[in-house]
Amino acid sequence: MEHPYKRPEAERKYTKPQFNTEDLPPDWIALISLILGIVGMMFRYKIAAWISVFFCLGALVNVKYSEADLKQFLSCIAFSTVGLVINYFAPTPKPPGAEATQ
């Protein structure tokens, strides 16, 4: 039995709205990850590099496929990884007076 208030002529098929990927707002978690990766890389802050990795993973987990911006995620992953590599594997700079004491 059909509902007495249902009107079949008023039904409309749902269509997904079309959008341009350039008009999307930035993914804030990925943007914060990118900024923290750069800070961790430039100033050698290990905590900033690790937070950048976790923010990057969070952004990758929560992204919708239709809103995926490949360039932003690749740069996010690259700066997070490079920040950790520089912090743990790059040689540490010597203080200015360390060479004169030998």
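Look a little higher up for the structure.
As a starting point, this report considers the structure included with it.

Rules and cut-offs
Residues numbered from 1 in each chain as written. Predicted model: local features only at pLDDT ≥ 70, side-chain atom pairs only at ≥ 80, totals over all residues. Heavy atoms only, no water. Buried < 20%, exposed > 50% of the residue type's maximum accessible area, 1.4 Å probe, protein only. Axes fitted to C-alpha atoms, helices over the stretch in contact; angles between N-to-C directions. Helix = DSSP H or I, 4+ residues; strand = E, 2+ residues; numbered from the N terminus. Parallel < 35°, antiparallel > 145°, perpendicular 65-115°, else oblique. Left-handed = near helix turned anticlockwise from the far one by under 90°. Contact = heavy atoms within 4.5 Å. Nonpolar A, V, L, I, M, F, W, Y, C, P; charged D, E, K, R; others polar. Expected span 1.5 Å × (residues − 1). Arc of directions from axis to C-beta. Phe/Tyr/Trp six-rings, centres within 6.5 Å; stacked < 30°, edge-to-face > 60°.

1. Brief notes about unusual backbone geometry
For step 1, the next point in the chain: Not every positive phi belongs to a glycine, and Arg 44 is a case in point at roughly 60 degrees.
For step 2, the next point in the chain: In this structure Arg 44 comes out as partly exposed when scored by relative accessible area, which is 31%.

2. Thoughts on the packing of helix H1 (residues 28–43) against helix H3 (residues 70–89)
For step 1, the next point in the chain: Two numbers describe how H1 lies on H3: the axes approach to 8 Å, and their chain directions differ by 30 degrees. Comparing the axis directions of H1 and H3 gives the class roughly parallel. As H1 runs across H3, the sense of the crossing is left-handed. Facing Ala 30, Leu 31, Ser 33, Leu 34, Gly 37, Ile 38, Gly 40 and Met 41 of H1, the residues of H3 in contact are Gln 72, Phe 73, Ser 75, Cys 76, Phe 79, Ser 80, Val 82, Gly 83, Ile 86 and Asn 87.
For step 2, the next point in the chain: Looking at the contact of H1 with H3, its residues break down into 10 nonpolar, eight polar and no charged.

3. Remarks on the environment of Asp 27
For step 1, the next point in the chain: In this structure, Asp 27 sits in the segment before H1.
For step 2, the next point in the chain: For Asp 27, a relative accessible area of 26% gives the class partly exposed.
For step 3, the next point in the chain: Each C-alpha atom, one on Asp 27 and one on Asp 69, is 8.9 Å from the other, the two residues being 42 residues apart in sequence.
For step 4, the next point in the chain: When neighbours within four sequence positions are excluded, Asp 27 is seen to be in contact with Ala 59, Gln 72 and Phe 73.

4. Concerning H1
For step 1, the next point in the chain: Compared with the 22 Å implied by 1.5 Å per residue over 16 residues, the 22 Å span of H1 between its first and last C-alpha is a close match.
For step 2, the next point in the chain: For H1, every residue scored as buried is listed here: Ala 30, Ser 33, Leu 34, Gly 37, Gly 40 and Met 41. The arc that holds the buried residues of H1, viewed along the axis, is 130 degrees, so those residues lie on one side. Facing away from the buried surface of H1 by more than 90 degrees, the exposed residues are Trp 28, Met 42 and Phe 43.
For step 3, the next point in the chain: At its buried positions, H1 is contacted by helix H2 (46–61) and H3.

5. Observations regarding the packing of aromatic side chains
For step 1, the next point in the chain: Here the structure, examined in full by the defined rule, presents three aromatic pairs.
For step 2, the next point in the chain: An angle of 70 degrees between the planes, with centres 6.4 Å apart, marks the rings of Trp 50 and Tyr 88 as edge-to-face. Taken together, the positions of Trp 50 in helix H2 and Tyr 88 in helix H3 put the pair 38 residues apart, joining distant regions of the chain.
For step 3, the next point in the chain: Here the aromatic cluster, defined as three or more aromatic residues joined through ring pairs, consists of Trp 50, Phe 54 and Tyr 88.

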